[in-house]
Amino acid sequence: MNLSTPAFLDGTRLAEIQQLYHLQSHLIDGGHAADWAATFTPGATFDSPSYPAPVTGTAALTAFAEQFTAACRAEDVVRRHAIGTVAVTGGDGAGALRVESYLQIIATPRGGTPRTERFTTLTDRVVRDGDRWLIATRTVRRDDRPGTDS
C-alpha cells in the first residue's frame, strides 16, 4: 500500500468502485463467466498463486470462470467470493487507480458446513472505460503463503 499517493474519490466514484467488486463476486459465483470476464479490460491479467499460470485476455478469463463453475458442480459445493475492506490506495495521475481489498472464498458442500478455503489480498489496477470501471490487472496474495508477491 502506498499511502503517500492516496487517491481520494468523491462518493459517487467510490460507490462505483465498490459496485464493481460486489458485482464481480455475484457474477462468478452465479456462473456468469462471460459477464464476469467483461468486468476486466480486454487485455487484463489475473495472477494468483492458487492457479498454475496467470490468465490474460477476455477469452482466457471467460474460460477460467467457466472452469471455476464446473469445479463447483463436480465437487457439489457452493463457493462464494466475499470481498471486503475495499480501499483506493493510489492513482497514477492519468485516471488509473490502485485498489486493494480482502477476499475470502467460502465453500459450502451440499448439506455441509461452510468453511473458509482461502483468505487473500487483491491488488488491482482499475481504469475508467467510458462510464464504467474495469480491472486492468489483478494480483492475488494468499495469507497462507506469506512472502509471495502473487
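The paragraphs below set out a description of the structure included in this document.

## Description of the packing of aromatic side chains
Okay, step 1: For the structure shown, the criterion picks out six aromatic pairs.
Okay, step 2: Centre to centre, the rings of W36 and F46 are 6.2 Å apart; their planes meet at 70°, and the pair counts as edge-to-face. You can see W36 sitting in helix 2 (residues 33-37) and its partner F46 sitting in strand 1 (residues 40-47), a full ten residues away along the chain. In this structure, W36 and F46 share a single accessibility class: buried.
Okay, step 3: Aromatic side chains Y51 and F64 sit 4.8 Å apart centroid to centroid with 85° between the ring planes, which places their arrangement in the edge-to-face category. One end of the pair, Y51, is in the loop between strand 1 and strand 2 (55-56); the other, F64, is in helix 3 (residues 58-75), with 13 residues separating them in the sequence.
Okay, step 4: Given a relative accessible area of 11%, F64 falls into the buried group.
Okay, step 5: Here the aromatic residues W36, F40, F46, Y51 and F64 are joined through ring pairs into a cluster of three or more.

## Quick look at the sheet that holds strand 6 (residues 132-142)
Okay, step 1: Reading across from one edge, 2-1-6-5-4-3 is the order of the six strands in this open sheet, with mixed pairing throughout. Either end of the sheet is taken by a strand with one partner, and the two such strands are strand 2 and strand 3 (77-91).
Okay, step 2: As paired strands, strand 3 and strand 4 (residues 97-109) are joined by twelve bridges and run antiparallel to one another. From the neighbouring strand, R79 faces strand 4, where its bridge partner is A107.
Okay, step 3: Its contacts with the sheet place helix 3 against strand 1, strand 2 and strand 3, and it is angled at close to 145° to strand 3.

## Things to note about the pairing of strand 4
Okay, step 1: Hairpin remark: strand 3 followed by strand 4, antiparallel, with five residues in the connecting loop; positive phi at G93, about 80°.
Okay, step 2: Here strand 4 folds back onto strand 5 (residues 115-129), and the loop between the two strands holds five residues, one of which, G111, carries a positive phi near 75°.

## Side note on the pattern of salt bridges
Okay, step 1: Scanning all chains against the criterion turns up ten salt bridges.
Okay, step 2: Between R128 and E16 there is a salt bridge, and its shortest N-O distance comes to 2.6 Å. Of this pair, R128 sits in strand 5 while E16 sits in helix 1 (residues 11-29), and the two are 112 residues apart along the sequence.
Okay, step 3: Accessibility expressed as a relative area gives 27% for E16, which makes it partly exposed.
Okay, step 4: Residue R132 pairs with D129 through a salt bridge whose shortest N-O separation is 3.4 Å.
Okay, step 5: Residue R132 is classed as partly exposed on the basis of its relative accessible area of 40%.
Okay, step 6: Overall, D129 belongs to the partly exposed group, its relative accessible area being 37%.
Okay, step 7: If you follow the salt bridges from partner to partner, you end up with E75, R79, R115 and E117 in one network.

Conventions we followed
- Residues numbered from 1 in each chain as written.
- Predicted model: local features only at pLDDT ≥ 70, side-chain atom pairs only at ≥ 80, totals over all residues.
- Heavy atoms only, no water.
- Phe/Tyr/Trp six-rings, centres within 6.5 Å; stacked < 30°, edge-to-face > 60°.
- Helix = DSSP H or I, 4+ residues; strand = E, 2+ residues; numbered from the N terminus.
- Buried < 20%, exposed > 50% of the residue type's maximum accessible area, 1.4 Å probe, protein only.
- Pairing = 2+ DSSP bridges.
- Contact = heavy atoms within 4.5 Å.
- Axes fitted to C-alpha atoms, helices over the stretch in contact; angles between N-to-C directions.
- Salt bridge = Lys/Arg side-chain N within 4 Å of Asp/Glu carboxyl O.

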